[in-house]
Amino acid sequence: MHELDLIIIGAGPAGMTAAATAAKHGARVLLLDEQRRSGGQIYRDVGETDSARPYLGKDYAAGRALVAALNAPGIDIEVDATVWRVDAGPRVIWSRGGKSHVTRARHVLLASGAQERPTPFPGWTLPGVMPAGAAQILMKTSGLLPRDAVLAGSGPLIYLIAAQMIDAGARPRALVETQSPRMLLRAARHLPRALLATPTLLKGLGLIAKIRAAGITRHIGATGFSAEKTENGDILFSFTAKGHRHQIATPLLLTHQGVVPSTHISRAAGVAHEWNEAQQAFQAKTDPWGRTDVHGIHVAGDGAGIGGADAAKAAGRLAALDILHRLGRLTEDARNQTAAADRAAHRRAMAIRPFLDAAYAPLPEILAPEGDTIVCRCEEITAADIHASLKEGAKGPRQVKTATRAGMGPCQGRMCDLTVRGILANCGATPATPRARSPIKPVKLGELAALTSHKETSP
Amino acid sequence: MKIASRFLTPPEPAATIQLTLDGEPVTARAGDTVAAALLAHSGDASRLTARGAPRTAFCMMGVCFDCLVEVDGRPNCQGCMVQVRDGMVLRRQRGPRKLMGGAQDA
Ligand SMILES: Cc1cc2nc3c(=O)[nH]c(=O)nc-3n(C[C@H](O)[C@H](O)[C@H](O)COP(=O)(O)OP(=O)(O)OC[C@H]3O[C@@H](n4cnc5c(N)ncnc54)[C@H](O)[C@@H]3O)c2cc1C
Ligand code: FES
């Protein structure tokens with residue numbers, strides 16, 4: 001007997017639309033998120049900030065409707081709820097305030113989204129160096145504005161954040177962009193397809209126009225990032241562009257090389273994953289409905305490959321429709337008919353990806369750093385340490401981990417898995433998907449012990 | 001030397017609360033996370049690693065664990081996931097975390 005039809009992990013665009021869709025057709029849904037509010041990364045705290053931060057823009061404000069739609073019969077929401085284990089069955093274990101809860105349902109949808117790609121270069125661990133999206137989270141959740149910051153890297157998000165900073169009156173001092181004219185040229189062959197997503201393209205051009213109009217210095221084709229601390233605590237940022245070495249001192253260096261799927265939860269649940277060469281990341285393997293190879297577990301949104309919020313919304317609905325069908329609440333025909341519009345929306349949203357992936361691909365030196373650059377922030381393991389373990393015979397991610405301790409800290413490889421993979425690939429290996437194990441977030445021993453002694457709970 | 005915050009405090013009105021960091025009084029905006037409050041307070045490290053390297057909160061989304069801080073006597077709290085409270089006692093952690101990837105002692 002299952003009281004719940006569906007547990008959704010992640011209240012981002014994918015999880016929110018899935019919850020609303022499933023509940024609309026009568027399913028009982030539990031939506032879990034480890035953040036304190038629904039919204040996901042794009043809409044962090046959108047339900048809270050009303051009009052106090054207009055500089056975050058219309059696309060951000062649009063998230064409010066998704067959050068509001070969760071206020072529907074059939075949807076229970078638990079925030080501050082960190083899921084640390086998902087089993088076939090399906091069974092979900094989540095923790096809040098030092099106490100774990102076990103919840104079962106007939107289906108589980110993993111909608112855990114994306115994180116920013118770690119960007120290792122010399123000095124990236126210094127106070128004053130941060131991912132650009134992290135600074136944007138501070139803007140969304142606290143109204144804090146980056147002071148005289150430099151944005152460095154590439155990707156659509158960096159333009160959006162620059163524009164938001166300009167509108168907020170916190171102009172970035174400079175944009176140091178890693179894409180080169182040659183990368184853009186190579187990406188141009190994907191443009192015909194990207195025209196399907198013309199509104200998105202136009203939005204991007206609008207952002208770039210705003211940055212131009214604000215007179216912000218842009219360096220293009222930058223490589224060779226490095227950061228040092230100055231005497232007053234600022235960051236001295238060095239890079240090479242157009243054959244010259246440049247230096248800029250700034251209180252805050254904000255880096256970005258795109259986002260990558262958050263896959264610890266799906267990997268630990270035993271779901272098959274694949275390597276996405278264009279996006280340089282692992283992603284959960286799904287069919288067009290979001291089904292995985294583990295019975296009862298679907299994946300939707302950025303966790304199954306980066307597609308952005310519109311694609312995530314469509315994927316969330318598609319997964320919900322398939323789950324409703326499996327629950328016996330929708331016939332196959334009804335599922336397919338309702339899905340047609342979402343399928344089209346998904347296709348449109350994905351049409352721009354090949355262009356973006358090629359134009360804003362991460363730098364090879366960020367994917368596979370060398371020398372003293374720290375790869376594993378938790379255990380302070382350098383690229384040279386990884387290379388040494390390879391010389392001593394390590395062949396795959398597991399052996400590198402055992403030999404160096406890279407990935408054994410509390411982040412469990414979230415900040416270094418991809419870099420270890422990049423170094424392995426650079427050395428001619430074809431590395432397997434790294435393993436992830438439950439608990440996927442640190443859980444206190446006392447909490448684990450209490451769990452085995454208490455009965456399963458339904459919130 | 002105290003390093004100025006790398007962020008501009010928002011012009012929005014907000015209720016404030018008091019907490020302490022290593023015994024020093026800190027004024028924070030109600031509703032902020034501990035990590036946001038510390039970043040708004042100063043540009044200095046909020047943690048030293050096992051090798052003594054300075055770190056501050058990094059990802060702001062619960063992924064990197066660079067924001068670990070002692071909250072009211074409990075070590076290894078993720079500052080970006082905990083909200084400030086009036087009277088909160090924060091301590092910077094120095095050196096090894098005594099915290100493994102799996103289970104955690106506290
Ligand atoms: C820092 C950051 C900022 C971004 N900003 C923008 C932006 O401004 N505009 C834009 O267009 N795109 C932005 N993106 C990209 C955008 O977030 C995604 O394309 C889109 O939100 C994906 O939606 P999703 O539903 O798949 O996942 P997300 O929106 O990422 O939602 C996933 C949710 O799952 C939760 N979760 C994950 N693991 C667990 C767990 N173990 N237990 C409980 N909950 C969990 C997370 O807390 C999160 O709320 C950003 C990405 C990042 C990483
Ligand atoms: S800042 Fe990364 S986990 Fe808190």
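Residues numbered from 1 in each chain as written. Chains lettered and ligands numbered in written order. Predicted model: local features only at pLDDT ≥ 70, side-chain atom pairs only at ≥ 80, totals over all residues. Heavy atoms only, no water.

Here the focus is the domain arrangement of chain A. Residue and element names in this part refer to chain A. Taken domain by domain, chain A comprises domain 1 (6–115 + 260–354), domain 2 (118–257) and domain 3 (368–451). Measuring from the centre of the C-alpha atoms in domain 1 to the corresponding centre in domain 3 gives 27 Å. Listed as interface residues are 22 residues of domain 1 and, on the opposing side, 22 residues of domain 3. The contact between domain 1 and domain 3 buries some 1,900 Å² in all, and 63% of this surface belongs to carbon and sulfur atoms. When the area that domain 1 buries against domain 3 is broken down by residue, the three leading residues are Trp84, His264 and Phe282, summing to 39%. Counting the contacts that link domain 1 with domain 3 gives two salt bridges. (Domains from an automatic or database assignment. Contact = heavy atoms within 4.5 Å. Buried area = accessible area lost by both parts, 1.4 Å probe. Salt bridge = Lys/Arg side-chain N within 4 Å of Asp/Glu carboxyl O.)

Let's shift gears to the confidence of the model for chain B. Per-chain confidence: chain B averages 90 in pLDDT, with 90% of residues scoring 70 or above. Low confidence marks residues 100–106 of chain B, where pLDDT is under 50. Its contacts with residues over four positions away, or in another chain, come to 29 contacts. (pLDDT = per-residue confidence, 0-100.)

Right, let's get into the site of ligand 1. Residue and element names in this part refer to chain A. The full set close to ligand 1 counts 34 residues, and Ala14, Asp33, Val83, Gln136 and Asp302 are the nearest of them. Take glutamate 34: an N or O atom from its main chain is 3.1 Å from a nitrogen atom of ligand 1. A distance of 2.6 Å is found between an oxygen atom of ligand 1 and a side-chain nitrogen or oxygen belonging to aspartate 302. Protein burial of ligand 1: of its 980 Å² of free accessible surface, 92% is covered by the chains. The set of elements that each furnish at least two residues to the shell around ligand 1 consists of helix 1 (13–24), strand 4 (82–87), strand 8 (114–116), helix 4 (132–142), helix 5 (156–167) and helix 10 (308–326). Element by element, the count of residues in the shell around ligand 1 is highest for helix 4, at four residues. Tallied by class, the residues present in the shell around ligand 1 amount to 16 nonpolar, 13 polar and five charged. Looking at which domains feed residues into the shell around ligand 1, each of domain 1 (6–115 + 260–354) and domain 2 (118–257) supplies at least three. (Near = heavy atom within 4 Å. Polar contact = N/O pair within 3.5 Å; in protein donor to acceptor, adjacent residues only side chain to side chain. Areas by Shrake-Rupley, 256 points an atom, 1.4 Å probe, with all protein chains shown as cover. Helix = DSSP H or I, 4+ residues; strand = E, 2+ residues; numbered from the N terminus. Nonpolar A, V, L, I, M, F, W, Y, C, P; charged D, E, K, R; others polar.)

As a further point, take the sheet that holds strand 16 (residues 244–250) of chain A. Residues and elements named next belong to chain A. Sheet architecture is open: three strands sit in the order 14-15-16, paired in antiparallel fashion. This sheet does not close on itself; its edge strands, each paired only once, are strand 14 (223–229) and strand 16. For this sheet the average axis-to-axis angle between neighbouring strands, irrespective of direction, equals 20°. As defined by bridge partners, strand 14 adjoins strand 15 (residues 235–241) across five bridges and the pair is classed as antiparallel. Each residue of the ladder has a partner; that of threonine 223, found in strand 15, is threonine 240. (Pairing = 2+ DSSP bridges. Axes fitted to C-alpha atoms, helices over the stretch in contact; angles between N-to-C directions.)

Another aspect to go through is unusual backbone geometry. Residue and element names in this part refer to chain A. Each neighbour pair has its own omega, and for serine 438 with proline 439 the value is -5°, a cis peptide bond. Inspection of the secondary structure puts proline 439 in the loop between helix 16 (417–426) and strand 24 (443–444). For lysine 242, which is not glycine, the phi torsion reads 50° and is therefore positive. You can see lysine 242 is positioned in the loop between strand 15 and strand 16. A relative accessible area of 78% means that lysine 242 is categorised as exposed. Residues other than glycine seldom take positive phi values, yet glutamate 380 does so here, at roughly 55°. Tracing the sequence through the fold places glutamate 380 in the loop between strand 22 (374–376) and strand 23 (381–382). (Buried < 20%, exposed > 50% of the residue type's maximum accessible area, 1.4 Å probe, protein only.)

Facing the 55 residues of chain A at the interface are 49 residues of chain B. Both sides together, the interface formed by chain A and chain B hides about 4,400 Å², and carbon and sulfur atoms give 56% of it. Residue aspartate 66 of chain B pairs with arginine 377 of chain A through a salt bridge whose shortest N-O separation is 2.7 Å. Across the chain A-chain B interface, the total number found is 16 residue pairs in polar contact (both at pLDDT 80 or more). For the side of chain A that touches chain B, the secondary structure elements donating two or more residues are strand 8, strand 9 (129–131), helix 4, strand 10 (145–146), strand 24 and helix 17 (445–453) of chain A. Ranked by the residues each element gives to the side of chain A that touches chain B, the list is headed by helix 4 of chain A, at six residues.

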